[in-house]
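Each chain, letter by letter, is given below.
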Amino acid sequence: MSKMTYYIAENLKEAHDLMTSLDQAVYLAGASEVTTFMRKNTLKPNALIDLNKLDGIKVIRSDQDLVIGACVTLNDIIDFCKGTMMEDVYKGIGDHTVRNAITLGGNICGRLPYKEGILPLLALNADVVIMTQSGLVRKPARQAFDKRLRLNKGDFLYQVVLPKQDVKYESTRYTESTGVDYPICHVLVTKENDGYFVGLSGYCSCPIYHTFNGGLEEMMTYFEPHAKDDSRASKAYKSHLLRLALDKAIKKLEVVDA
Amino acid sequence: MLKFTGYNQVDLNVNGHTHQVILKADETLLHVLRDKLGLTGPKAGCENGDCGACTVLIDSKPMKACMVVALTCIGKSIVTIEGLDNTEIQRAFVNKGGFQCGYCTSGFILNAYAMLEDNPNLSEADQKVWLDANLCRCTGYEGIKEAVKAAKEMIKDQR
């Protein structure tokens, strides 16, 4: 008989308490990663804690800021944020049908290394709202994210808050062959103050980012040591693609800015 | 808090009917539909969310049933290929030869059906975005594209 228990959490504290009290539990948002890893037997949870019924976790609204709940699907974000960086970055993740399941929180906090969902949040200096032992805590994504979203046991991403701003950006996503694939390298560049923000996914084993005052060579000097060989591409090829993407982005953003 | 442990009898709304099904927490919707309800339209292709052969509609949205925990479907409306009856897209697939072995066909039809219900005037580029979620090893996709085009025309004429 299956030992796994499925819980539907009805409030934030309940969800947090369940996770901290149960052995080998996982949170469930879109379930796309959890089902895949369970099938491959690389994840064997004793409990699934479904977050989808929590108040505010599926909200998407634009008032002073853009507020997105962690269980909002990527397709819903794309539809709401047409013509923006969010659409451009998220439309490459998975395929259209799978994006009806993949959630922002699941993409950022899941086990896959790409976590492309975090790139616009870092680029736009968004805040993340995390449910913790002591309640909801809001902090800058750039503070909360270091290789992954830094969460204590039981904590989960509740919402993200993005400032409304007109930001010039260039997003380049390289894949092996077809359009639907994990990225060899996804490069997101924005103009920030007098310099640039650069965020990468797929380049190494986690998303990385940095801000620069200098240009292409300074960026390459910073990122090149981080490149990792994987099944999709060698680090040399990734660095080659990164250089192309950064060069294109800098030229385009300089023109836009002029 | 709702809790489901071991075997649970739940109601699932599939193709407009309420079915009482015994479910475990780790069962995917694909296996519940095929093995417990006998609805073998959705196929187990890759079981990895890549091929789209398992596509069903959940609350009118195409979803890959191999990646859906069945218990999350309580209170939702599920439609499989068995629940579509003589729709424009089905007739178009027959008329235009949009299939050969038929294994991917259920998934393609449901995805295309949802796409055309959502917006029958979608551009070709946006259609490709939707239909890139399904793979076919047989047809080379031309018959499928012709079928979708024909279904669009039928919908324009009839609605």
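Preceding this paragraph is the structure being described.
Position numbers for residues start from 1 in each chain and track the written sequence from start to end. Starting at A for chains and at 1 for ligands, labels are handed out in the order in which the entities are written. Note on the predicted model: pLDDT of at least 70 is required for a residue's local features to be given, and 80 or more for side-chain atom pairs to be given and counted; whole-chain, interface and lining totals, by contrast, use all residues. Side-chain numbers here rest on the full set of heavy atoms in the structure, without hydrogens or water.

Asks: Explanation requested: the packing of helix H2 (residues 88-96) of chain B against helix H5 (residues 142-158) of chain B in the structure shown.
Replies: All names here are of chain B. Axis definition: a line fit to C-alpha positions, over the contact stretch in the case of helices; interaxial angles, taken between N-to-C directions, run 0 to 180 degrees. Only DSSP runs of H or I reaching four residues or more are called helices, and only runs of E reaching two or more are called strands; each is numbered from the N terminus. Relative orientation of the contacting elements H2 and H5 amounts to 135 degrees, with a least axis distance of 8 Å. By the angle between their axes, H2 is oblique relative to H5. Crossing handedness for the pair H2 and H5: right-handed. Residues Glu88, Ile89, Arg91, Ala92, Phe93, Asn95 and Lys96 of H2 form the contact with H5, whose participating residues are Gly143, Ile144, Glu146, Ala147, Val148, Ala150, Ala151, Met154, Ile155 and Gln158. When grouped by side-chain class, the residues that make up the contact of H2 with H5 number 10 nonpolar, 3 polar and 4 charged. Every angle not falling under 35 degrees, over 145, or within 65 to 115 is termed oblique; those three ranges are roughly parallel, roughly antiparallel and roughly perpendicular. Should the near helix be turned anticlockwise from the far one by less than a right angle, the crossing is termed left-handed; should it be turned clockwise, right-handed. Only heavy atoms matter for contacts: two residues are in contact if any of them lie within 4.5 Å across the pair. Think of it as three bins: nonpolar holds Ala, Val, Leu, Ile, Met, Phe, Trp, Tyr, Cys and Pro, charged holds Asp, Glu, Lys and Arg, and polar takes everything else, Gly as well.

Asks: Just to check I follow, could you spell out the pattern of salt bridges for this structure?
Replies: Close approach of charged atoms allows side chains with opposite charge to pair. Should a side-chain nitrogen of Lys or Arg be within 4 Å of a carboxyl oxygen of Asp or Glu, the pair is scored as a salt bridge. Scanning all chains against the criterion turns up 22 salt bridges over all chains. Ionic pairing is found between Lys128 of chain B and Asp132 of chain B, a salt bridge with its closest N-O pair at 3.1 Å. Counted as one network, the salt bridges with shared partners bring together Asp79, Lys82 and Glu87 of chain A.

Asks: Where do I start with helix H4 (residues 124-131) of chain B in this structure?
Replies: Helical geometry: 3.6 residues make up each α-helical turn, so side chains three or four residues apart lie on a common side. Residues and elements named next belong to chain B. Think of it in three bands: with a 1.4 Å probe and only protein chains considered, a residue is buried below 20% of the maximum accessible area for its type, exposed above 50%, and partly exposed in between. Listed in full, the buried residues belonging to H4 are Gln127, Trp130 and Leu131. What you see down the axis of H4 is that its buried residues fit within an arc of 85 degrees, all on one side. Exposed residues lying more than 90 degrees from the buried face of H4 are Ala125 and Lys128. Close packing links the buried residues of H4 with strand S5 (61-64), helix H3 (105-118) and H5. Arc definition: it is the arc formed by the directions from the helix axis to the C-beta atoms.

Asks: Would you mind showing me how to read the interface of chain A and chain B here?
Replies: Listed by partner, the interface residues are 30 residues for chain A and 30 residues for chain B. When two components associate, each loses some accessible surface as probed by a 1.4 Å sphere; the sum of these losses over both components is called the buried area. Interface of chain A and chain B: buried area, both sides summed, is about 2,600 Å²; carbon and sulfur atoms make up 62% of it. Sorting the residues of chain A by area buried against chain B places Tyr6, His96 and Thr97 of chain A first, and these three jointly supply 24% of that buried surface. Between chain A and chain B we count 2 salt bridges in total. Of the charged contacts in the structure, one is a salt bridge between Lys61 of chain B and Asp76 of chain A, with a shortest N-O distance of 3.3 Å. Polar contact is defined as a pair of N or O atoms within 3.5 Å, subject to the rule that within protein one atom must be able to donate a hydrogen and the other to accept it, and that residues adjacent in sequence are counted only when both atoms are side-chain atoms. Where chain A meets chain B, there are 11 residue pairs in polar contact (both at pLDDT 80 or more). For the side of chain A that touches chain B, the secondary-structure elements that each account for two or more residues are strand S1 (5-8), helix H1 (12-21), helix H2 (32-39) and strand S3 (47-50) of chain A. The leading source of residues in the side of chain A that touches chain B is H2 of chain A, at 5 residues.

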